[in-house]
Amino acid sequence: MTQKNIDGALFANMVLAGAHSLANNAEKIDALNVFPVPDGDTGTNMNLSITSGANEVKKANHESVSVVANAFAKGLLMGARGNSGVILSQLFRGFAKGLEGTDKLDIESFVTALDSGVNTAYKAVMKPVEGTILTVAKDTAVEAKKIAEEEQDIVAFMEQVVQAAKQSLKRTPELLPVLKEVGVVDSGGQGLVVIYEGFLAALKGEEVPESSQDDTMDLDDLVSAEHHKLAQDYMSTDEIEYGYCTEFMVRFEEDKLKDHPYDEAAFREELSEHGDSLLVVSDDEIVKVHIHAEYPGDVFNLGQRFGSFIHLKAENMREQHSNIVDQKEEKPKAKQPFGVVTVAMGDGLTELFKSLGATVVIQGGQTMNPSTQDLTNAIAEANAENVIILPNNKNIVMAAEQAAELAEVNVAVVPTKTIPQGMSAMLMYNPEVSLADNKEAMTDASQEVKTGQVTYAVRDTQIEGMTIENGHYMGLADGKIKVTNADQMTVIKELLTEMIEADEDEIVTVIRGEETTDQEENEIIAFIEDNFEDIEVEVHQGNQPIYSYIFSIE
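Below you will find a few notes about this structure. All values derive from a computational prediction rather than experimental measurement.

## Regarding the overall build of the protein
Here's step 1: Across its full length, the protein holds 21 helices and 18 strands.
Here's step 2: Counting every position in the protein, which comprises 554 residues, the buried fraction comes to 53%.
Here's step 3: Across the protein, the fraction of contacts at a sequence separation of at least 24, relative to all contacts at a separation of at least 6, is 71%.

The structure is reproduced here in structure tokens:
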């Protein structure tokens, strides 16, 4: 029997199935990221984005596909994280526009919606790159038109649409050389394909759970969920039994595991005796822990048995709760003329940006892209008539621009892509001039600085003619891998030699990350002074994860 249309309830099931399909494949999509740096976030960003959209669909009336599509688009828009999440939100924003006023979805309106989604997404990207999610969406929409000329059954139509998307995905390495060199398809395109596969599963009546509660869920989102359980309005500070919000991440080390074999269930049970709100997430390389504990040191000691710390934090919740209660009693403050919102990870970088004049510093960056909603909240927190946003990461720029469009105050995005660019921009910030003049001056300043970064490879790969081994250090100059070696100091010295121009540059700012040492700092300073005698060196403790050292050269 031929099925010709889809009602609102069925389309809602398709959306939820698409979200579930993406959740199940997020880890696989993360692994497709081209660069071997530890950012693997395309699948995670798309998963968090579509989950926000699915949650809106669950709350919406399912009387028509138009209502469901608009709810989905709204949720995606507010939850969009990273470039992949923003592009996904724009695809379905256009999709919803194409279905405006439509009660039931037939093949003709499906084709219209797909085409509208592509047009909206391409307009949202300043310089569209082929071989990406955009290409997969466009090719699929083009093929859908051809399929619609012959097919009348919407299930059969969707089956062929999914096949068209898969074929387009296979072609992405031919359009984007770096994909071909590494031997992978585009990660964002893969994400779109698995969403379409979820749509098809629901359309065919296959059983697909609405949500997945597996170990791939991001720890930060689990932590946020746990913190929501702390009802600030209904408890006093004295009632907090375990006073420190404690988090840490440990990278496993073979020598330590020989003495203390890791067992997640046993470790979780052991930690449970030290507090509540416990979350433990681990894979073959690391374990992440969040717990509310009274004695954080005891918890850190337990974790350190298995390896070395990548990140650790202990915050006094009694103090935080007291401050929240006090703030609720304060009268609303008058808006300031100007405010600056910036993004950084690490308490050192946070303090550095605040010292330069930033109003709000969002904790985020390479592996934790803030959503459009996070940025919108930060704009409101800035409490200013005019707000400047410094994303400090290329994967956050689009979400920042989307937040600027949604804001009720004047917002300018200075498209900084690195921490050094953000710092240079802040040095030109002047609250005495107009928003437009600030944007121009800060943008110009951000382009004058060179950025060096030192991190480690998370897998073996070959890229740009360079063989990179898992665990080796890498030196990046303005985002491009220039050097790799098993020895970190060798990488640092070769990177600085590559980047510093003795006749042009005047100052090198060294930003130390987590687990760096004074001995390393002294060696770096000595190297610069011995080889570039006229260069001034400045050092800051950023405490940022992922990048052991960041260099600002200008």
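Now that the structure has been shown, we can carry on.
## With respect to helix H15 (residues 347-355)
Here's step 1: Burial in H15 covers these residues: Gly348, Leu349, Thr350, Leu352 and Phe353.
Here's step 2: Next to the buried residues of H15 lie strand S7 (336-344), strand S8 (360-363), helix H18 (419-427), strand S16 (507-513) and strand S17 (536-544).
Here's step 3: Phi turns positive one or two residues past the end of H15, at Gly357, with a value near 115 degrees.

## Comments concerning the nonpolar core
Here's step 1: Among the nonpolar cores identified, the biggest contains 98 residues, and Phe11 and Phe110 are the most heavily contacted of them.
Here's step 2: Sorting elements by how many residues they give to this core places helix H1 (residues 8-30) first, with 10 residues.
Here's step 3: Not counting residues within four places of it along the chain, the set of residues in contact with Phe11 comprises Ile6, Val65, Val68, Ala69, Phe95 and Leu105.
Here's step 4: Within the second largest apolar cluster, 23 residues are counted, among which are Ala344, Ala412, Ile419 and Leu435.

## Quick word on the pairing of S8
Here's step 1: In this sheet, S8 lies alongside S7 in parallel orientation, the contact comprising 4 bridges. Directly across from Val343, in S8, lies its bridge partner Ile362.
Here's step 2: The β-α-β motif built from S7, the intervening H15 and the parallel element S8 has right-handed crossover chirality.

## Focus: the environment of Pro420
Here's step 1: Its place among the elements puts Pro420 in helix H18.
Here's step 2: Given a relative accessible area of 1%, Pro420 falls into the buried group.
Here's step 3: Here the alpha-carbon distance between Pro420 and Val449, two residues 29 residues apart in the chain, equals 6.9 Å.
Here's step 4: Leaving out residues up to four positions away in the same chain, Pro420 has contacts with Val449, Thr451, Ile550, Phe551 and Ser552.

What counts, and where the lines are drawn
Residues numbered from 1 in each chain as written. Predicted model: local features only at pLDDT ≥ 70, side-chain atom pairs only at ≥ 80, totals over all residues. Heavy atoms only, no water. Helix = DSSP H or I, 4+ residues; strand = E, 2+ residues; numbered from the N terminus. Buried < 20%, exposed > 50% of the residue type's maximum accessible area, 1.4 Å probe, protein only. Contact = heavy atoms within 4.5 Å. Core = buried A, V, L, I, M, F, W, Y, C linked by side-chain atoms within 4.5 Å. Pairing = 2+ DSSP bridges. Right-handed = clockwise from strand over helix to strand, strands pointing away.

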